[in-house]
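# An overview of the molecular structure
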Amino acid sequence: MPFKRYVEVGRIALVNYGKDYGKLVVIVDVIDQNRALVDAPDMVRGQMNFKRLTLTDIKIDIKRVPNKKTLVAALEAADVKNKWESSSWGRKLIVQKKRASLNDFDRFKIMLAKIKKAGVVRQELAKLKKETTA
Amino acid sequence: MSYKFHQFQVVGRGLPTETDEHPKIYRMKLWATNEVRAKSKFWYFLRKLKKVKKSNGQMLAINEIFEKNPTTIKNYGIWLRYQSRTGYHNMYKEYRDTTLNGGIEQMYTEMASRHRVRHHCIQVIKTATIPAKLCKRESTKQFHNSKIKFPLVFKKVRPPTRKLKTTYKASRPNLFV
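These notes cover the structure that comes with them. Model, not experiment: these values are computed from the prediction.

### Some points on the overall build of chain B
The number of helices and strands found in chain B is three helices and seven strands. Starting at the N terminus and walking to the C terminus, you meet the elements of chain B as β-β-α-β-β-β-α-β-α-β. Projected onto the principal axes, the alpha-carbon positions of chain B cover approximately 80 × 40 × 40 Å. Relative to its full complement of 177 residues, chain B shows a buried share of 34%. When contacts within chain B are restricted to residue pairs at least 6 apart in sequence, those whose partners lie at least 24 apart make up 59%. About 12400 Å² of surface is accessible on chain B, with carbon and sulfur atoms providing 52% of the total.

Listed below in structure tokens is the structure:
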């Protein structure tokens, strides 16, 4: 199986460990085999070990080490935020975050909604069963 | 990023005497873990160069030197003198890092791992920021590529915090990216 996600200038990665956990960052340059220079609109450009990054499919078109303005403009132009939030991975993360931040009343509402949905599904199933046996 | 080794600028001179009212002032840039060690190292090196000791000298200034551009990647060349089990040797090593302190720390850890040299047996002679054309080592030159691209071949997924670490796992890990 060939590789599809490469470490390259402009690759978007997700931070999976440490202080900036959960952030989307852009690989702006490669320091050496284990570290990259990494930048995001809301953080100071810094180095990060590849062990802390998970590469995504998104790649933007920037030159090596752009200045902050160019970087933000390129991120806007490539519409990284929307692409991420509409991808299945991004959507899963949003749902996880939502679930972790529920309060008890929200969980109660979800319980009622689940029961309702299960009831509707069971009615349909009962109808189909009757049709096949009849 | 906290570094173990900090860079200090230490300035000192011998005490003024009747024969020498204004002794020459000497300045050194060195690496130490803290200021106290830096001052001690200063006197150690100065003793080897001039006839002056801490007891007949005075410290004029000690300042920590911070990296001017910690957001740019530079190639550092470090000349060092180290003591092995059989004698003293000089070495030149290159490192790619964002700060000089980071490069020096890489050097200390690499000397310890590759040559079993502890940090007190290493003396940094000189450091310099090398432009890409003048780098000598292939391992730094291979990153001088503006279109650098490589896949991450081995990907071990870690728990996002050390609290979620467990000794036993239900299934074997999937190491493909």
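Having seen it, we continue.
### Regarding the packing of aromatic side chains
Counted according to the given criterion, the structure contains six aromatic pairs over all chains. An angle of 70 degrees between the planes, with centres 5.1 Å apart, marks the rings of Phe42(B) and Trp43(B) as edge-to-face. In this structure, Phe42(B) and Trp43(B) share a single accessibility class: buried. Lys149(B) extends its terminal NZ or CZ atom over the ring of Tyr6(A), reaching a point 4.4 Å from the ring centre.

### Looking at the side chain of Asn75(B)
Residue and element names in this part refer to chain B. Looking at the element boundaries, asparagine 75 is found in strand β4 (residues 74-83). The exposure class of asparagine 75 is buried, given its relative accessible area of 8%. In contact with asparagine 75, not counting residues within four places along its chain, are Tyr95, Arg96, Ala128, Thr129, Ile130, Pro131, Ala132, Cys135 and His144.

### A short note on the interface of chain B and chain A
Taken together, the 24 residues of chain B in the interface contact 27 residues of chain A. In total, chain B and chain A occlude about 2400 Å² of area from one another, counting both sides; carbon and sulfur atoms represent 64% of this. It is Thr71(B), Phe150(B) and Arg158(B) that lose the most area in chain B upon contact with chain A, and together they represent 21% of the buried surface on that side. Counting the contacts that link chain B with chain A gives one salt bridge.

### Regarding the sheet that holds strand β2 (residues 11-15) of chain A
Residues and elements named next belong to chain A. Reading across the sheet, the five strands line up as β5-β4-β3-β2-β6 and stay open at both edges, with antiparallel pairing between neighbours. Where the open sheet ends on each side, the last strands, each with one partner, are β5 (43-49) and β6 (53-59). Averaged over all pairs of adjacent strands, the angle between their axes in this sheet comes to 40 degrees, without regard to strand direction. For β2 and strand β3 (residues 24-30), the ladder comprises three bridges, and the chain directions are antiparallel.

### Here's the deal with the pattern of salt bridges
Residues and elements named next belong to chain A. Using the criterion set out here, one finds 15 salt bridges over all chains in the structure. Residue arginine 5 is joined to aspartate 57 by a salt bridge in which the shortest nitrogen-to-oxygen separation is 2.7 Å. In this pair, arginine 5 is assigned in the segment before β1 (6-8) and aspartate 57 in strand β6, connecting sequence segments 52 residues apart. Between arginine 64 and aspartate 29 there is a salt bridge, and its shortest N-O distance comes to 2.6 Å.

### Focus: a nonpolar patch on the surface
Residue and element names in this part refer to chain A. On the surface, a cluster of nonpolar side chains totalling about 520 Å² of accessible area is made up of Phe105, Phe108, Met111, Leu112 and Ile115. One can find methionine 111 in helix α4 (residues 104-133). When its relative accessible area of 41% is taken as the criterion, methionine 111 is described as partly exposed.

### Some thoughts on helix α1 (residues 68-78) of chain A
Residue and element names in this part refer to chain A. Those residues of α1 that fall on the buried side of the exposure criterion are Leu71, Ala74 and Leu75. Axial view of α1: buried residues confined to an arc of 100 degrees, hence all on one face. Along α1, exposed side chains directed more than 90 degrees from the buried face belong to Lys69, Glu76 and Ala77. Each element contacted by the buried residues of α1 is listed here: β2, β3, β4 (35-40) and α2 (80-86). One or two positions beyond α1, positive phi appears at aspartate 79, with a value near 55 degrees.

Parameters at a glance
- Residues numbered from 1 in each chain as written.
- Chains lettered and ligands numbered in written order.
- Predicted model: local features only at pLDDT ≥ 70, side-chain atom pairs only at ≥ 80, totals over all residues.
- Heavy atoms only, no water.
- Helix = DSSP H or I, 4+ residues; strand = E, 2+ residues; numbered from the N terminus.
- Buried < 20%, exposed > 50% of the residue type's maximum accessible area, 1.4 Å probe, protein only.
- Contact = heavy atoms within 4.5 Å.
- Areas by Shrake-Rupley, 256 points an atom, 1.4 Å probe, with all protein chains shown as cover.
- Phe/Tyr/Trp six-rings, centres within 6.5 Å; stacked < 30°, edge-to-face > 60°.
- Lys NZ or Arg CZ within 6 Å of the ring centre and 35° of its normal.
- Buried area = accessible area lost by both parts, 1.4 Å probe.
- Salt bridge = Lys/Arg side-chain N within 4 Å of Asp/Glu carboxyl O.
- Pairing = 2+ DSSP bridges.
- Axes fitted to C-alpha atoms, helices over the stretch in contact; angles between N-to-C directions.
- Patch = residues over 30% accessible without salt bridge, like charges linked within 9 Å, V, L, I, M, F, W, Y side chains within 5 Å.
- Arc of directions from axis to C-beta.

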